[in-house]
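# Descriptive analysis of the structure
The lines below spell out each chain.
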Amino acid sequence: MHSGLPAPVARVVPETAVGFAAISTTTYAIDLTLLAVLFDVLRWPYPVAVTTGYVVAFGLAFVLNRWLNFQSHGPVGRQTGRYVVTVLANYLLFILALSTTLEWVGVQYLAARLVAGACEAVFMYLMMRTFVFRLKRYT
């Protein structure tokens, strides 16, 4: 997909950003679908529904990003630990605090989750690139 970008854009946007966007779009759709089913259909409490969708989506995102996007061959245990720390920070800041606060003040729950999702996308990409799947480069 990266090779299909216009040359000026391709020079600025890393390949991993394009892969991250594709994987994140898919896992985010899974997250929102689970949220809608659990909250609207099954009437689960919002924090429980949003947490369940989040856990499923981010577990899948880790596997797909490690395998397809960052093509990491680093120690899976260490990367998993870093990912868990990153996901917990992301969850507390954006998913639980921001989306729940927005829903509590009257923002429609899916809109609240979309706002939180935009914030989390930037945070998660930067953390995955620099912390979770960081490459040791020797020059």
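As shown above, the structure is provided for reference.
Note that this is a predicted model, so its numbers are computed, not measured.

This paragraph deals with the overall build of the chain. A count of helices and strands for the chain gives five helices and zero strands. Listed N to C, the secondary structure of the chain is α-α-α-α-α in terms of helices and strands. Referenced to the eigenvectors of the C-alpha coordinate spread, the extents of the chain come out at roughly 55 × 35 × 20 Å. Here the chain, with 139 residues, has 36% of them falling under the buried criterion. Across the chain, contacts joining residues at least 24 apart in sequence account for 64% of those joining residues at least 6 apart. Carbon and sulfur atoms provide 71% of the accessible area of the chain, an area that totals close to 8,200 Å².

If you look at the biggest cluster of nonpolar residues, it comprises 28 residues, and the most contacted ones within it are Leu35, Tyr46, Tyr83, Ile95, Met124 and Met128. Elements represented by at least two residues in this core include exactly helix H2 (15–41), helix H3 (46–69), helix H4 (76–104) and helix H5 (109–132). Non-local contacts of Ile95, meaning those with residues more than four positions away in its chain, are made with Val50, Tyr54, Asn90, Thr100, Arg113, Ala116 and Glu120.

Cut-offs used in this document
- Residues numbered from 1 in each chain as written.
- Predicted model: local features only at pLDDT ≥ 70, side-chain atom pairs only at ≥ 80, totals over all residues.
- Heavy atoms only, no water.
- Helix = DSSP H or I, 4+ residues; strand = E, 2+ residues; numbered from the N terminus.
- Buried < 20%, exposed > 50% of the residue type's maximum accessible area, 1.4 Å probe, protein only.
- Contact = heavy atoms within 4.5 Å.
- Areas by Shrake-Rupley, 256 points an atom, 1.4 Å probe, with all protein chains shown as cover.
- Core = buried A, V, L, I, M, F, W, Y, C linked by side-chain atoms within 4.5 Å.

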